[in-house]
Amino acid sequence: MKKRNLFLAAAASIATLGGLVSCDDSANKIRVWVGEESVDFYRTKVEEFKKANADFTYEIEVKGMDTGAAAGTITQDPSAAADIYTVAHDNIGKLVAANCAKPLMDTELVEQINKDNPDSFKSVIKSLDASGTERVYAAPYISQALFLYYNKTAVTAEQAQTFEGLKEAAAAAGTKAWTVTGDDGFNNSFTVLARKVGADGKQAGTSVKIYEGATSDGKSKGTSNFQGDDTIASLRFMQRSIKDNNGFKWASSDGWEKDFKNNGVLAVIGGAWHFNSAKAAVGEANLGMTLIPTYTLTAADVAGLTDVAEGDVYRGGTFADCKVFMINASSKADKYVSEQKLVKFLSSKEVQDASFADVSNVPAYEGASTKIKELFDAKKITESQYQLAAAQTDMAAWGIPQPFITGTLNTYYYSKNASQIYKAMIDGSKYPTTGDTILDETTSLAGIRKGLYTMEYTWMHGKVPTSFPENLPTKA
Amino acid sequence: MMNSNVSKPKHYRSQKKANAVSLAVTYLILIVMSIIWLIPFVWVVLSSFRCEYVDGTFVGTVTSNFFPKALGFTNYKNLFTATYYGVSHAFPRWLLNTLIVAIVDCIISTFLVLSVAYCMSKLKFKLRKAFMNITMIIGLFPGFLSMIAIYFLLKSMGLSGNSDNPTLNIVGLVLAYSAGAGLGFQIAKGFFDIIPNSLVESAKLDGCSNFKIFIKIIIPLAKPIIIYQALMSFTGPWMDFIFAKVIIGSGNPECWTVAVGLYSLLFGTHPDTNLFTQFAAGCVIVSLPITTLFMFLQKYYVEGVTAGAVKG
Amino acid sequence: MAPSIKSAPINKVKKDNFFVRFGRGIGEWFTNFGKRFADGSIGTKLSHFIFGAGNFYHKQYIKGTMFLVLQILIILFLVLCPSVNGTPYGYKALANLSLSNVTEGGDFDPNTGAFTQGSNCMLMVLFGFVTIAVIIIYIILWFKSIQSSYKADMDIKVGKKPTTFIEDLKELLDSKFHVLMLTPTCIAALVFTVLPTIFMISLAFSTYNQQDMDAQMTTLFHWNGFHNFVAVFTGDGTLGMEIKNRFFPVLGWTLVWAILATVTCYFGGIILALLINKKGLKGKKIFRTIFILTIAVPQFISLLAVRNILGEYGPVNSLLQNLGWTTGPIGFLGLNAADNEYLAKVMVVIINLWVGIPYTMLMTSGILMNIPSDLYEAATVDGASKTKMFFKITLPYVIFVTTPYLISSFVGNINSFNTIFLLTGGGPTYVGYQAGGTDLLVTWLYKVTIDQGSYNTGAVIGIFTFMITATITLVTYRRSKAYNEEDTFQ
């Protein structure tokens, strides 16, 4: 008698490999992934859309997704992802490079995108297709920026305008002034992107450059300048703030909200997605929201520097980002026209407004703040919703969108430890880079210059430098 | 510690006294240990019943006070009715999914473990030692490195990454959980090794086939180890929060298991930390059936070992 | 009578070494093969080309059909090349395995909406291996088909009838019972363990590193020989420095952790079992139930609870500060970079006791009651003290029965993902490195592969890890009593 297991082994292997005929339910269905917090909203909207467009033949299925994890899920197996998905805009370059996105070519849709959005967003939703032509790949519909949450019981509205005021309040309360929600390259943008405030209270001078003018073909990574005197002065401000007993602290390992709740800090620099937790930490009535404060440089901050002067005022900056809808490249070709129609609807001003009133998604289109004021005056949104939107849209004016139009730049900025170097510099701890080069101190001017050079080099080359140029600052 | 204070009693009285002392010490140790063991669980349970408000806002975050200021069932009510990831009544669905996965996994895994363990312990055949060595070597590779490969192999069978019919992904998950179970036969084999070979030999002399011996002699004696294996494989799916998400897919929250769901609620990319008390309530609900099962079955588990006809 | 555990001598049969036997096996195989073709019946000869032909010749229709169907299925599979995600199986997959004929794709036709996908190198490799496995199965089946027919020839030669299907089945329930019982596990192991493992190992010889690929704006990777292994020592590449500087510290801690965790939980469990099973103790059941809680409650719940309790604002730190014992919060679990690494290490070992002791307690409770009482009776007659009996009888017995458990829990601890991932997340972090102070190889691998997408680096770490653990395990296992003296207690 022959070994029966071989039969079974073979049979099972065949079964393993043989289940290849997949039935095609998806042919007449368009699947949409949206942020998990607003699924119900978009389901209702999609119903309205179907009613208004009787000729729209496809069924539409809306599902919730962790938008932060979406890009990873999509690149791993695009064919299992939705036809229309949503991601934060800094993933666009990566998704296009990984053959996960189709360009948006419908004239009406592209027109709408170009008409509605501010230039800053328009420049980051483009990428090159395989033939080398620049195309629009994404439709913005939510804007996101960092701003300040503060505890009204201990901080007055006036104190919340400056970091000095925050520190004063913290000294009175015997605690630390402010914290962040994470120490990554997005959350530290409040200090990386700090900008000088002019006498008129508006932006004066330029902030640092990160990939400015980079091209989507990846041939040019643009210019980065992270070695200016103002950057050093800002870093020194952070260095003295973290040493200050009533100054800055990194997010607690228990989570920033515990610090906020227990008066471990009086303020938090966070985004709209932290609203629920912030509210729960101090109570809605005690929760203040405003711009990221300003700070004034001291003599110590500017020691040895020429481009900055004692008394200069800077405001914390932010990455001002958008969430976008994109079309999956693995989606069936014949759905393309309808998909674009749906994207046009989902990213329209009207739906953005409704989504703000309904689920507090701050609209991305240009001039949204006027509309938000109208909605507030018409009592369609609550006071804190209004404050949140106002703080965020005002702050967006002080920020720049993450300029990561290719996957490379995104990888270099986020995965290559530059933010860890920055953290080490703020903490004054040393940072091991390569076997031969070590930032053995990050407190002296020379140490700071080396550190900033290392970061800039990392952003541009994806690795740490093996040696430092003779005369810093030098362009990488 | 356990027997040292009972060293060679000289006469009955001092022995009795020494026994009493040692018993008291034992109680003390056990009670202290029990308290240490219980604290984290008590904390989770208390958190799940916490019902505090700050200025009208429900506080669902972690708090540093061990004992809540107010108690209530709000978290449980919200947990069962809330919509997570756009799935209405997501939690009960996740529970049901997990229950199904756990039951099927339990049946298949236990069967596979028993059959392999029996072969390894009581049958002599070519390649037996080779098989044992190979399985051990394979077991040394960290599993999740193969996660992506398993995902695509299952996808080839339509059992993962299937967005048309995501329920099939659950089948894939069961398969992935239970398929490898047979390779974890070592404990059951250790148990079978204690069953005297003479029982098997005499049955063979009576003309029993190996199949009959397995069914009629080994299985009845193996009750404790069956229960042990069943318990282990039943509880596995309630605890895995990484593999299950990959196989079922982040985009199919309605098919998630409860561990994936609960973990994602609190540790997603933009977690809502205000859901912590609901998370705790979920934890209590998840732990209840498994714990009850453990309490109910531990008697079989521990005493079953002695009850069998194993004692030589 | 007190049988001594050490008494049974082992009959060591001197065997030829593996390679000699292997070589001889292959020789015999070819000899047999030729012989079968030469003096087999027409059916047997035909079986060399059509599976099951011999079985049909001998009127074993069911068996013959099974062979034939399998042959047809496999050939269809190899020729038709079914595909998943645009990547084919079958003969095309074999060609794809070289990763030489690949395209970036990305062409888009706006008029039709059609998008050209590029090659998926990862699936090409995976499906190539699957196809090789199918071909191997085909060869084995081919051989078995011939053998089956030849055996029927031989049966006829000696005047017996070829076996019927029913007889075959009966055999499967008796003398071939192990075949029936092991088959499902073997198939499962092939599909879900062996193939993925081979696939993973192969990636160590490739440039599959998502970060590098992103930086080079490509979706493709290729083979690059032993380059990645060399990079471990030279520190080249994306994660080269990381591996060069962190591999040995992480490996060392992994081994220390595995030994500490295994030994402490094992003896802790035995002691707890002895305490609970103490004669005269009341409330055994209640105690046992309490301890079982750590097994019953999923770890992502229980360990996260512990993490919160020991956290910066957790009850423990509040208590310590309220008592005035500490001025600031203590970073027990190394969640901040500045926390003490050794404190975190001690804490995970201690917290692991909380999780691990109940397992051994349950395991050994049963075994303790199961120790043949005549062993103790004999010892009592000999006047042995209780302590002596514990060390001479109880402990050796328990260790004997649980050796496989000990080994598997050692390996389990080397790969103890949950404990570290949920408690410390590998922290405290080493600024500039992925691998933190409490990271085990397995959690480090998770960071390198799942977080960073450096599959080739991960595979290299995996292979080194495997070589070390496999050596340790095989040495201990082969020396263990349970392996060498399997029959002693039976």
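Computed from a predicted model, the values in this text were never measured in an experiment. (Residues numbered from 1 in each chain as written. Chains lettered and ligands numbered in written order. Predicted model: local features only at pLDDT ≥ 70, side-chain atom pairs only at ≥ 80, totals over all residues.)

Comments concerning the overall build of chain B
Here comes step 1: When helices and strands are tallied, chain B shows 13 helices and two strands.
Here comes step 2: Put simply, chain B has 312 residues, and 52% of those count as buried. (Helix = DSSP H or I, 4+ residues; strand = E, 2+ residues; numbered from the N terminus. Buried ≥ 20, exposed ≤ 12 C-beta atoms within 10 Å, placed from the backbone.)

Observations concerning the overall build of chain C
Here comes step 1: Scanning chain C for helices and strands turns up 21 helices and four strands.
Here comes step 2: For chain C, whose C-alpha radius of gyration is 30 Å, the value lies well above the compact-globule estimate of 23 Å for 490 residues.
Here comes step 3: Principal-axis analysis of the C-alpha atoms places the extent of chain C at approximately 90 × 80 × 40 Å.
Here comes step 4: Long-range contacts, defined here as pairs at least 24 residues apart, represent 65% of the contacts in chain C between residues at least 6 apart. (Rg over C-alpha atoms; globule rule 2.2 N^0.38 Å. Contact = placed C-beta atoms within 7 Å.)

Some details on the interface of chain C and chain B
Here comes step 1: Taken together, the contact pairs 87 residues of chain C with 81 residues of chain B.
Here comes step 2: Looking at the side of chain C that touches chain B element by element, the count peaks at 17 residues for helix α8 (residues 177–203) of chain C.
Here comes step 3: Among the residues forming the side of chain C that touches chain B, the class breakdown is 56 nonpolar, 26 polar and five charged. (Nonpolar A, V, L, I, M, F, W, Y, C, P; charged D, E, K, R; others polar.)

Observations concerning the sheet that holds strand β10 (residues 195–197) of chain A
Here comes step 1: The four strands are arranged β11-β10-β18-β17 (chain A) in an open sheet whose pairing can be described as antiparallel. Bordering the open sheet on either side are β11 (203–204) and β17 (294–296) of chain A, each of which pairs with just one other strand. (Pairing = 2+ DSSP bridges.)

Regarding the domain arrangement of chain C
Here comes step 1: Once the domains are mapped, chain C shows domain 1 (18–102 + 117–163) and domain 2 (237–484).
Here comes step 2: One C-alpha centre belongs to domain 1 of chain C, the other to domain 2 of chain C; they are set 46 Å apart. (Domains from an automatic or database assignment.)

Remarks on the domain arrangement of chain B
Residue and element names in this part refer to chain B.
Here comes step 1: When the domains of chain B are assigned, the result is domain 1 (4–74) and domain 2 (80–307).
Here comes step 2: Look at where the C-alpha atoms of domain 1 and domain 2 centre, and you get two points 31 Å apart.
Here comes step 3: Between domain 1 and domain 2, the residue contacts involve eight residues of the former and ten residues of the latter.
Here comes step 4: Looking at the side of domain 1 that touches domain 2 residue by residue, the classes come out as three nonpolar, four polar and one charged.

Things to note about the sheet that holds strand β15 (residues 265–270) of chain A
All names here are of chain A.
Here comes step 1: Overall, mixed pairing links the five strands, which are arranged β14-β9-β15-β8-β16 in an open sheet. Unpaired on one side and paired on the other, β14 (248–249) and β16 (287–290) mark the two borders of the sheet.
Here comes step 2: Here strand β8 (residues 147–151) pairs with β15 via four bridges, running antiparallel. Bridged to phenylalanine 147 within β15 is glycine 270.
Here comes step 3: Running at roughly 30° to β16, helix α16 (residues 383–396) makes contact with β8 and β16 of the sheet. (Axes fitted to C-alpha atoms, helices over the stretch in contact; angles between N-to-C directions.)

Structural notes on helix α5 (residues 107–116) of chain A
Residue and element names in this part refer to chain A.
Here comes step 1: Within α5 the residues assigned to the buried category are Leu109, Gln112, Ile113 and Asp116. Buried residues in α5, looked at end-on, bunch into an arc of 95°, giving them a common side. Those residues of α5 that are exposed and aimed more than 90 degrees away from the buried face are Thr107, Glu111, Asn114 and Lys115.
Here comes step 2: Tucked inside the fold, the buried residues of α5 contact β6 (134–136), β7 (139–144), α13 (336–346) and α14 (349–359). (Arc of directions from axis to C-beta.)

Notes on the pairing of strand β3 (residues 84–88) of chain A
All names here are of chain A.
Here comes step 1: In terms of burial, β3 is a largely internal element, five of the five residues being buried.
Here comes step 2: Where burial is concerned, the two faces of β3 agree: the one with Ile84, Thr86 and Ala88 and the one with Tyr85 and Val87 are both buried.
Here comes step 3: One ladder, built from five bridges, connects β3 with strand β19 (residues 321–328); its direction is antiparallel. Its bridge partner lying in β19, tyrosine 85 is registered against methionine 326.

Side note on the environment of B:Asn252
Here comes step 1: Its location among the elements puts B:Asn252 in the loop between α11 (243–248) and α12 (258–267).
Here comes step 2: Along the backbone, B:Asn252 and B:Val87 are 165 residues apart, and their C-alpha atoms lie at a distance of 9.5 Å.

Some thoughts on the confidence of the model for chain C
Parts of the prediction with low pLDDT should not have their coordinates interpreted in detail.
Residue and element names in this part refer to chain C.
Here comes step 1: Summary statistics for chain C give a mean pLDDT of 83 and a share of 93% for residues scoring 70 or more.
Here comes step 2: Ranking the elements of chain C by mean pLDDT puts helix α21 (residues 481–484) last, at 52, and helix α4 (residues 61–80) first, at 92.
Here comes step 3: A low-confidence stretch, residues 1–13 stays under pLDDT 50, and its non-local contacts, those more than four residues away or across chains, total eleven contacts.
Here comes step 4: The ipTM for the predicted assembly is 0.80, set against a pTM of 0.84. (pLDDT = per-residue confidence, 0-100.)

A short note on the packing of α4(C) against helix α6 (residues 121–157) of chain C
Residues and elements named next belong to chain C.
Here comes step 1: At a closest axis distance of 11 Å, the pairing of α4 and α6 adopts a crossing angle of 155°. On the basis of the axis angle, α4 is roughly antiparallel to α6. Crossing hand, α4 versus α6: left-handed. Two secondary-structure elements touch here, α4 through Lys63, Phe67, Leu70, Ile74 and Phe77 and α6 through Val134, Tyr138, Leu141, Ser145 and Ser148.
Here comes step 2: Split into classes, the residues belonging to the contact of α4 with α6 amount to seven nonpolar, two polar and one charged. (Parallel < 35°, antiparallel > 145°, perpendicular 65-115°, else oblique. Left-handed = near helix turned anticlockwise from the far one by under 90°.)

Looking at the confidence of the model for chain B
Residues and elements named next belong to chain B.
Here comes step 1: Considering every residue of chain B, the mean pLDDT works out to 82; 88% of them sit at 70 or more.
Here comes step 2: Averaged over each element, pLDDT in chain B is lowest for strand β2 (residues 57–59) (73) and highest for helix α3 (residues 90–122) (91).
Here comes step 3: Contacts from residues 1–9, a stretch scored under 50 in pLDDT, to residues over four places away or in other chains number 21 contacts.
Here comes step 4: The low-confidence segment residues 304–312 (pLDDT under 50) makes 22 contacts with residues lying over four places distant or belonging to another chain.

A look at unusual backbone geometry
Here comes step 1: One non-glycine residue, A:Ser360, lies in the positive phi region at around 60°.
Here comes step 2: Secondary-structure assignment places A:Ser360 in the loop between α14 and α15 (368–377).
Here comes step 3: Within the chain, B:His89 stands out as a residue other than glycine whose phi angle is a positive 50°.
Here comes step 4: Locating B:His89 in the fold gives a position in the loop between α2 (74–81) and α3.

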